[in-house]
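Okay, here's what each chain looks like letter by letter:
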Amino acid sequence: MTITVRAAAKFNLHLGVGPVRDDGFHPLATVYHAIGLYDDVTVSDAGQWEVTLTAEDHIAVGEVPTGDDNIVVRAGRLLAAHHGIDRAARIEIHKGIPVAGGLAGGSADAAATLVALDRLWSLETSDEDLLALAGQLGSDVPFALIGATAVGGGRGEIVEPVADNGAWWWVAVGNEQGLSTPSVYRAFDDHAGADIGDPQVPERLLMALEKGDPELLAEALTNDLQAPALTLRPDLAQTFADGEEAGALAVQLSGSGPTILMLCRDAAHAREVAGAMQAKAYDRVWTAPGPVAGAHVVTY
């Protein structure tokens, strides 16, 4: 028996970052948004933990571990320990989310694994317990379970759905050279200094989502990691300029980067912007709707 669960990429419509805490983490106030780029995770029973990887075109998986250090194995073991069972699984990951791009593909895989193994092993884990386990795996994993659009607090692991009446369209432009998240946060600390306050979610962003107005949303997108990321990767500024020239309503770094998201008016506009970026010799270009569902079963 196999079960396949699909989980979506994450984009931060807003990413507000506070001063580093004593535990080394930064408090976040973020608005998560699930977009239509997906990883599929297929699980089946096995005598020991196994991970295999395949991917869509233009997605390199060389940096993704296939051993015990893969987050999906940690997710599976955590779920088994929670229920006091000694089981293992073969986990096949088919990646449609760019790797190391700031789109939380690993978190999506972890969320999909929790859901898939819960179904495979008939564990009937409560939603509350699944979210708690997800929070132990990483800040973005709980949102990957929920999907749609949600406010994130704490380290990002405390999620609350928000009203989103938009039918948004995005163009994602990837970059073959990754960008280290810890390096970006260190650059943020250097850039921001010690006098920053606790982050807040801007009301104008929540209003734009409720109204479903792309022009309002374009004016409300913000990412506190964007400036420090660009100090590490000034070459990405050209992608921002090219996206604006292509007619995107707004251009913003996804998380800690290096993937860049471009807001469009509708599906036709997204195809136009994507075509313009491809004409400029970008070969890692995807169009994606949002919001979309969180981790969900697609095949038994």
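Up top is the structure these notes are about.
Conventions adopted
Residues numbered from 1 in each chain as written. Predicted model: local features only at pLDDT ≥ 70, side-chain atom pairs only at ≥ 80, totals over all residues. Heavy atoms only, no water. Helix = DSSP H or I, 4+ residues; strand = E, 2+ residues; numbered from the N terminus. Polar contact = N/O pair within 3.5 Å; in protein donor to acceptor, adjacent residues only side chain to side chain. Contact = heavy atoms within 4.5 Å. Axes fitted to C-alpha atoms, helices over the stretch in contact; angles between N-to-C directions. Parallel < 35°, antiparallel > 145°, perpendicular 65-115°, else oblique. Left-handed = near helix turned anticlockwise from the far one by under 90°. Nonpolar A, V, L, I, M, F, W, Y, C, P; charged D, E, K, R; others polar. Buried < 20%, exposed > 50% of the residue type's maximum accessible area, 1.4 Å probe, protein only. Core = buried A, V, L, I, M, F, W, Y, C linked by side-chain atoms within 4.5 Å. Expected span 1.5 Å × (residues − 1). Pairing = 2+ DSSP bridges.

### A word on the side chain of Thr 42
Line of reasoning, step 1. Residue position: Thr 42 is located in strand E2 (residues 28-46).
Line of reasoning, step 2. Separated by 2.7 Å, the side chains of Thr 42 and Thr 4 make a polar contact.
Line of reasoning, step 3. Setting aside anything within four residues of it in sequence, one finds Thr 42 in contact with Thr 2, Ile 3, Thr 4, Arg 90, Ile 91 and Glu 92.

### With respect to the packing of helix H1 (residues 71-83) against helix H3 (residues 127-137)
Line of reasoning, step 1. It is the contact of H1 with H3, at a shortest axis distance of 10 Å, that shows an interaxial angle of 135°. Of the possible angle classes, the one that applies to H1 and H3 is oblique. Read as a crossing pair, H1 and H3 show a hand that is right-handed. In this structure, H1 contributes Ile 71, Arg 74, Ala 75, Leu 78, Leu 79 and His 82 to the contact, and H3 contributes Asp 129, Leu 130, Leu 133, Gln 136 and Leu 137.
Line of reasoning, step 2. Here the residues of the contact of H1 with H3 sort into 7 nonpolar, 2 polar and 2 charged.

### Focus on unusual backbone geometry
A negative phi angle characterises most non-glycine residues, just as the trans form characterises most peptide bonds.
Line of reasoning, step 1. Cis peptide bonds are those with omega within 30 degrees of zero, and the linkage from Gly 257 to Pro 258 qualifies with 10°.
Line of reasoning, step 2. By the element assignment, Pro 258 lies in the loop between strand E9 (250-253) and strand E10 (260-264).
Line of reasoning, step 3. Looking along the chain, the bond that leaves Gly 290 and enters Pro 291 is cis, with omega of 0°.
Line of reasoning, step 4. By secondary structure assignment, the location of Pro 291 is in the loop between strand E11 (285-290) and strand E12 (296-299).
Line of reasoning, step 5. Despite not being glycine, Ala 104 shows a phi value in the positive range, around 60°.
Line of reasoning, step 6. In this structure, Ala 104 sits in the loop between strand E4 (88-95) and helix H2 (105-120).
Line of reasoning, step 7. Of note in the backbone geometry, Ser 122 takes a positive phi value of approximately 50° without being a glycine.
Line of reasoning, step 8. Tracing the backbone shows Ser 122 in the loop between H2 and H3.
Line of reasoning, step 9. Relative accessible area serves as the criterion here: at 59%, Ser 122 is assigned to the exposed category.

### A few points about the packing of H1 against H2
Line of reasoning, step 1. Where H1 meets H2, the closest approach of the two axes is 8 Å, and the angle between their N-to-C directions is 35°. Viewed along their axes, H1 and H2 form a crossing whose handedness is right-handed. Of H2, the residues touching H1 (which contributes Ile 71, Val 72, Ala 75, Gly 76 and Leu 79) are Gly 106, Asp 109, Ala 110, Thr 113, Leu 114, Leu 117 and Asp 118.
Line of reasoning, step 2. Counted by class, the contact of H1 with H2 contains 7 nonpolar, 3 polar and 2 charged residues.

### Some words on the nonpolar core
Line of reasoning, step 1. With 62 residues, the main nonpolar core has Ile 35, Leu 37, Trp 170 and Leu 217 as its most contacted residues.
Line of reasoning, step 2. The greatest single-element share of this core, amounting to 9 residues, is contributed by H2.
Line of reasoning, step 3. Residues Val 173, Tyr 185, Phe 188 and Phe 240 belong to the second largest nonpolar core, which totals 26 residues.

### Quick notes on H2
Line of reasoning, step 1. Here H2 contains 16 residues, and its C-alpha end-to-end distance of 22 Å stays within 8% of the 22 Å for a straight helix at 1.5 Å per residue.
Line of reasoning, step 2. Of all the 16 residues making up H2, 14 are buried; the element is thus mostly covered by neighbouring parts of the structure.
Line of reasoning, step 3. Trailing H2 by a residue or two, Ser 122 shows a phi angle of about 50°, which is positive.

### Remarks on the pairing of E4
Working note: regular strand, side chains alternate between the two faces of the sheet.
Line of reasoning, step 1. The sheet contact formed by E2 and E4 spans 8 bridges and is antiparallel. Each bridged residue has a counterpart across the sheet, and for Val 43 the counterpart in E4 is Ile 91.
Line of reasoning, step 2. Sheet topology note: the strand E3 (residues 50-55)/E4 ladder contains 6 bridges and is parallel. Within the sheet, the bridge partner assigned to Thr 52 lies in E4 and is Glu 92.

### Examining the environment of Val 99
Line of reasoning, step 1. Note on placement: Val 99 falls in the loop between E4 and H2.
Line of reasoning, step 2. What makes Val 99 partly exposed here is its relative accessible area of 22%.
Line of reasoning, step 3. Between the alpha carbons of Val 99 and Val 61 there is a distance of 6.6 Å; along the sequence they are 38 residues apart.
Line of reasoning, step 4. If we ignore the near neighbours within four places in the chain, the residues touching Val 99 are Ile 59, Ala 60, Val 61 and Val 64.

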